[in-house]
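Now for the letters of each chain:
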Amino acid sequence: MITTVIQVILAVFILTGGVIKLLRIPFQVEHWQHYQYPLWFMSVIGFLELIGGIAMILGASNRYLAAGAGVLFVILMLGAIHAHIFRANQSVVTIIPALVCFILSIIVILRNLKGFF
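Thresholds, definitions, all that
Just so you know, the residues in each chain are numbered from 1, in the order the chain's sequence is written. With the structure being a predicted model, the display of local features is reserved for residues of pLDDT at least 70 and the display and counting of side-chain atom pairs for 80 or more, all residues being used for whole-chain, interface and lining totals. Values shown for side chains rest on all heavy atoms present in the structure; no hydrogens or waters enter the calculation. Labels follow the DSSP assignment, with helices taken as runs of H or I lasting at least four residues and strands as runs of E lasting at least two, numbered in each case from the N terminus. When a residue's accessible area, from a 1.4 Å probe over protein chains only, is under 20% of the maximum for its type it is buried; when over 50% it is exposed; and in between it is partly exposed. UniProt positions are given in the numbering used here, feature names are shortened, and annotations may be inferred rather than shown by experiment. One less than the residue count of a helix, multiplied by 1.5 Å, gives the span that helix is expected to have. Contact definition: two residues touch when any of their heavy atoms are within 4.5 Å. Nonpolar cores are built from buried Ala, Val, Leu, Ile, Met, Phe, Trp, Tyr and Cys residues. Side-chain atoms within 4.5 Å join them into one set. The method works on a 1 Å grid over the protein atoms by themselves. A cavity is a set of points holding a 1.4 Å probe that cannot get out, a pocket is an open set with protein on both sides within 12 Å along at least five of seven lines, and residues with an atom within 4 Å of a point line them. Grid points are joined across faces, edges and corners, and a volume is the space filled by probe spheres set on the points. Each residue gets one of three labels, nonpolar for Ala, Val, Leu, Ile, Met, Phe, Trp, Tyr, Cys and Pro, charged for Asp, Glu, Lys and Arg, and polar for the others, Gly among them. Without a salt bridge and with relative accessible area above 30%, a residue can belong to a patch; like charges are then joined within 9 Å and nonpolar side chains (Val, Leu, Ile, Met, Phe, Trp, Tyr) within 5 Å. Per-residue accessibility takes into account occlusion by the displayed protein chains alone, with areas from the Shrake-Rupley method and a 1.4 Å probe. Salt bridge, as used here: a side-chain nitrogen of Lys or Arg that lies within 4 Å of a carboxyl oxygen of Asp or Glu.

K.L.:
How would you explain unusual backbone geometry if you had to name every residue and give the values?
P.N.:
Excluding glycine, residues mostly have negative phi values, and the peptide bonds linking residues are mostly trans. Phi is positive for Arg24, close to 50°, though the residue is something other than glycine. As for its position among the elements, Arg24 is in the loop between α1 (2-22) and α2 (26-35). Phi at Gln36 takes a positive value of approximately 65°, unusual for a residue other than glycine. By the element assignment, Gln36 lies in the loop between α2 and α3 (39-58). Judged by relative accessible area, Gln36 falls into the exposed class, the value being 56%.

K.L.:
Let's hear about the UniProt feature "transmembrane region" (unreviewed entry) in the protein chain: which residues, and what values?
P.N.:
The positions that UniProt labels "transmembrane region" (unreviewed entry) are, in the present scheme, residues 6-27, 39-58, 64-85 and 92-110. Secondary structure across residues 39-58 divides into 100% helix and 0% strand, with the first and last C-alpha atoms of the span separated by 29 Å. Taken end to end, residues 64-85 has its terminal C-alpha atoms 32 Å apart, with 100% of it in helix and 0% in strand.

K.L.:
Please set out α3 residue by residue, giving values where relevant.
P.N.:
Over its 20 residues, α3 runs 29 Å from end to end, which matches the ideal 28 Å to within 8%, given 1.5 Å per residue. By the burial criterion, the buried members of α3 are Met42, Ile45, Gly46, Glu49, Gly52, Gly53, Ala55 and Met56. Considering only its buried residues, α3 is in contact with α1, α2, α4 (63-87) and α5 (96-112).

K.L.:
Residue-level account of the nonpolar core, with values.
P.N.:
Core analysis: the largest hydrophobic core is formed by 28 residues, its most contacted members being Leu10, Met56, Phe73, Met77 and Val108. Looking at this core, the elements that each hand over two or more residues are α1, α2, α3, α4 and α5. With nine residues, α4 is the single largest residue contributor to this core. Once residues within four sequence positions are removed from consideration, Met77 is found in contact with Ile14, Ala98, Cys101 and Phe102.

K.L.:
Before we move on, can you summarise the layout of surface pockets with the specific residues and values?
P.N.:
In this structure, the largest pocket occupies an estimated 610 Å³ of space. Taken together, 26 residues make up the lining of the largest pocket; nearest its centre are Lys21, Gln28, Glu49, Ala80 and His84. Looking at the lining of the largest pocket, the elements that each hand over two or more residues are α1, α2, α3, α4 and α5. For the lining of the largest pocket, the element with the most residues is α4, which contributes seven residues. Each residue belonging to the lining of the largest pocket can be placed in one class, and the counts come to 16 nonpolar, eight polar and two charged.

K.L.:
Tell me about a nonpolar patch on the surface, residues and numbers included.
P.N.:
Among the surface-exposed residues, Leu22, Trp40, Val44, Phe47, Leu48 and Ile51 lie close enough to one another that they form a single nonpolar patch of about 550 Å² accessible area. At five residues, α3 tops the list of elements feeding residues into the nonpolar patch. Take Trp40: it is sitting in helix α3. Classification of Trp40 by relative accessible area gives exposed; the value is 56%.

What follows is the structure, given as structure tokens:
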């Protein structure tokens, strides 16, 4: 039950971020310029976030899909942490949302693959 709640929270958070990126909401474009990545890359990340969010929701009935979405989120969150700290030289405080998503994604992966190995 707790894993499903975590999955829904992650999915909603990541889906929201994906939509914001795909719609190129002005504040996100401004952030992206601080990261010094091209705007087309923002669309790629937004698309990956949409796919991952949908997979995480569908993962409520397929633990391997949830684990796969969790792996995608781990990779995306590592990229987000890197962008905030190293590309935009922002305060460590700015990575808190990405760090929380990273930790929750690891929990989803471990709980869904429990007994797999």
